[in-house]
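# Structural features, examined
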Amino acid sequence: MDFISSKSEQVCKIFILILIKSIVNLNNIINSIKYIMGYFEDVLDWIDEDFIFLIKYGLVIANFISIFIILYFKRQQPMEVKQILIVTAHPDDEAMFFIPTIENLKSQNYNIHLFCLTNGNFNKIGKIREIELEKCCKYLGIKCTIVNDIEIEDSMTKQWPLGKVANYIENYVQSNDIKGIISFDQYGISGHINHISCYQAVIRLKDKLKDIKLFQLESTNIIRKYLSIFDFFISSITSEHMMIQMNPIKVWKAMAIHHSQFVWYRRLFVIFSRYSYINTLQAI
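Residues numbered from 1 in each chain as written. Predicted model: local features only at pLDDT ≥ 70, side-chain atom pairs only at ≥ 80, totals over all residues. Heavy atoms only, no water.

## Points about the overall build of the protein
- When helices and strands are tallied, the protein shows eleven helices and seven strands.
- Relative to its full complement of 284 residues, the protein shows a buried share of 38%.
- On the protein, roughly 17400 Å² of surface is accessible, and the fraction owed to carbon and sulfur atoms is 63%. (Helix = DSSP H or I, 4+ residues; strand = E, 2+ residues; numbered from the N terminus. Buried < 20%, exposed > 50% of the residue type's maximum accessible area, 1.4 Å probe, protein only. Areas by Shrake-Rupley, 256 points an atom, 1.4 Å probe, with all protein chains shown as cover.)

## Quick word on the packing of aromatic side chains
- Here the structure, examined in full by the defined rule, presents nine aromatic pairs.
- A centroid spacing of 6.1 Å and a plane angle of 80° characterise the contact between F97 and Y275, whose relative ring orientation is edge-to-face. A residue pair is termed long-range when its members are at least 10 positions apart, and F97 in helix α2 (residues 93–97) and Y275 in the loop between α11 (264–272) and β7 (278–283) qualify at 178 residues.
- For Y275, a relative accessible area of 1% gives the class buried. (Phe/Tyr/Trp six-rings, centres within 6.5 Å; stacked < 30°, edge-to-face > 60°.)

## Notes on the confidence of the model for the protein
- Overall, the prediction assigns the protein a mean pLDDT of 82, with 71% of residues at 70 or greater.
- Taken as a whole, residues 1–18 scores under 50 in pLDDT and shows zero contacts with residues more than four places along the chain or in a different chain.
- When the criterion is pLDDT under 50, residues 72–79 qualifies, and its contacts beyond four places in sequence or with other chains add up to two contacts. (pLDDT = per-residue confidence, 0-100. Contact = heavy atoms within 4.5 Å.)

## As for the side chain of R274
- Its location among the elements puts R274 in the loop between α11 and β7.
- Of the residues examined, R274 reaches a relative accessible area of 0% and is grouped as buried.
- Separated by 3.2 Å, the side chains of R274 and T280 make a polar contact. (Polar contact = N/O pair within 3.5 Å; in protein donor to acceptor, adjacent residues only side chain to side chain.)

## Regarding the sheet that holds strand β2 (residues 110–116)
- Here seven strands make up an open sheet; going across it, the order is β3-β2-β1-β4-β5-β7-β6 and the pairing mixed. The sheet terminates laterally at β3 (143–146) and β6 (241–244), the two strands that pair on one side only. When strand polarity is set aside, the average angle formed by the axes of neighbouring strands in this sheet is 25°.
- Sheet analysis places β6 next to β7, joined by four bridges and oriented antiparallel. The residue of β7 that forms the bridge with M243 is N279.
- Taken strand by strand, helix α7 (residues 193–204) contacts β1 (82–88), β4 (178–184) and β5 (213–217), and its axis lies near 145° from that of β4. (Pairing = 2+ DSSP bridges. Axes fitted to C-alpha atoms, helices over the stretch in contact; angles between N-to-C directions.)

Okay, structure coming up:
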């Protein structure tokens, strides 16, 4: 019994010691937690002020470094320069209709060739319009070729000899390593017979130039035509190949170079036409 009592006393003493130690340890744990929480409060105070400042400007610096690295390696990698041909009917077509395409392709390292099938001699000022076109192409940074052929005239009624027109285009393509051709579609944007003839001539080359990609500039109804940049919402849904440029001043300056043609209604066209901002291309 005494043994039992002594053992019980020992057990009780041990239990009491464990309890005391547990209370002390718990105290220490609580104090430790308080200390850690106090440290984190200091950290949170630091985060609120200095750390956010460092993060903010650190990210800005990191972005600049990232951009520099990307541009550096991009500069180190030689890009293939491809030749693209835009076929138009008159001087000023490139400025009125094709600038979004021209600007987008230039930004992708394409060389743009403009092949204009007439000098716009409808009002007997063909020589003036040739000079205007050459100046405009220089402004846009593209190459320019003008066809002078009495059978291929600027006309609202005369049908062009499509075989001859197609031969002109084919010869230029083969001589200049052209990889793609862009022109009007079957409606010619404005329904002009010369614009439509450009399309018809390009179509004739489809079977001959099988390695060349052919695209047509999409014509739209009159409402969309004058929706300006707001046609973006429709074009982004309906079109696979959309070219956008957001600088109407570029189009205005290009058209102003065609001084002989920059009458009041063409000024309005530049402002309100979707073709100043958006081109949608369709593969032929």
